[in-house]
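Overview (structure and organization)
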Amino acid sequence: MADRSDHELVDAFIAGDNKAFSLIVERHRARLTMVARRYTHNDTDAQDVLQEALLRASCNLHKYRRESALSTWLHRLVMNSGYDFLNHRANRENASLDVDFVEDDRNHLLAHNPNENLEDTLAVREAMELLHKDHREALYWTDVEGYAIAEVAAFQGVAPGTIKSRRARARRALREAMLQGANT
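Residues numbered from 1 in each chain as written. Predicted model: local features only at pLDDT ≥ 70, side-chain atom pairs only at ≥ 80, totals over all residues. Heavy atoms only, no water.

What follows is about the packing of aromatic side chains. This structure, assessed with the given rule, holds five aromatic pairs. With 5.7 Å between their ring centres and 65° between their planes, Trp141 and Tyr147 make a pair best called edge-to-face. An aromatic cluster is present here, built from Tyr140, Trp141 and Tyr147 joined pairwise through their rings. (Phe/Tyr/Trp six-rings, centres within 6.5 Å; stacked < 30°, edge-to-face > 60°.)

The N-to-C vectors of helix 2 (residues 18-37) and helix 3 (residues 43-60) enclose an angle of 135°; their axes lie 10 Å apart at closest approach. Put simply, helix 2 runs oblique to helix 3. As helix 2 packs across helix 3, the resulting crossing turns out to be right-handed. From helix 2, Phe21, Val25, Arg29, Leu32, Thr33, Ala36 and Arg37 reach across to helix 3, where they touch Asp43, Ala46, Gln47, Val49, Leu50, Leu54, Ala57 and Ser58. Taken together, the residues that form the contact of helix 2 with helix 3 break down as nine nonpolar, three polar and three charged. (Axes fitted to C-alpha atoms, helices over the stretch in contact; angles between N-to-C directions. Helix = DSSP H or I, 4+ residues; strand = E, 2+ residues; numbered from the N terminus. Parallel < 35°, antiparallel > 145°, perpendicular 65-115°, else oblique. Left-handed = near helix turned anticlockwise from the far one by under 90°. Contact = heavy atoms within 4.5 Å. Nonpolar A, V, L, I, M, F, W, Y, C, P; charged D, E, K, R; others polar.)

Right, let's get into the nonpolar core. Ranked by internal contacts, the top residues of the largest apolar core, which has 43 residues, are Ile24, Leu61, Leu70, Trp73, Leu74 and Val78. Those elements that place two or more of their residues in this core are helix 1 (6-14), helix 2, helix 3, helix 4 (70-96), helix 5 (118-129), helix 6 (133-144), helix 7 (149-156) and helix 8 (160-183). Counting residues per element, this core draws most heavily on helix 4, which supplies nine residues. Filtering out sequence-adjacent residues up to four positions away, Val78 remains in contact with Leu32, Val35, Ala36, Val49, Leu50 and Ala53. (Core = buried A, V, L, I, M, F, W, Y, C linked by side-chain atoms within 4.5 Å. Buried < 20%, exposed > 50% of the residue type's maximum accessible area, 1.4 Å probe, protein only.)

Before going further, it helps to examine helix 3. An α-helix turns once per 3.6 residues; consequently, residues spaced three or four apart project the same way. A rise of 1.5 Å per residue sets the reference length of helix 3, with its 18 residues, at 26 Å; its end C-alpha atoms lie 25 Å apart and thus fit the reference within 8%. Among the residues of helix 3, those classed as buried are Ala46, Val49, Leu50, Ala53, Leu54 and Ala57. With its buried residues spanning 130° around the axis, helix 3 presents them on a single face. Between the side-chain oxygen at the start of helix 3 and the backbone nitrogen of Thr44 there is a gap of 3.1 Å, and the oxygen is on Asn42. (Expected span 1.5 Å × (residues − 1). Arc of directions from axis to C-beta. Polar contact = N/O pair within 3.5 Å; in protein donor to acceptor, adjacent residues only side chain to side chain.)

This is how it looks when you write it as structure tokens:
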């Protein structure tokens, strides 16, 4: 069963095979955990974010439209759970503080607000969805996740030059999509 594609596993899960979802989770857990970790300060919270996203996935897998890779859809669910986690934490922290008596002594030059460039981030993600799957993956694994070209090439079973050209085409297409979006 492990040699079945993501789409076959989705179909099997929708048909009632719960083991299929377990295989989906097993296949994508490591990457999704890295995504969840970006929104949290510890592994326990990252696992909570991941668990929430996987619960959403299991409840909504029948809505998956297959316009993008299953990994992309799951990645988006983890990101949404991460945003929810950050917003919930921010609301909880703000609700417990009496703002009149708290000094803001943090160093604003070192402070990080993950929602600061949210519009730009969402625009880039939407533009990336327009890319050909091979190009999007080459760009994602090298420029976003930071893997070496040789590692991505070995993982995808292609020559390093193929990854370089796919990444170059993806960058060009992404740049054009972003310029078009900025002009509208």
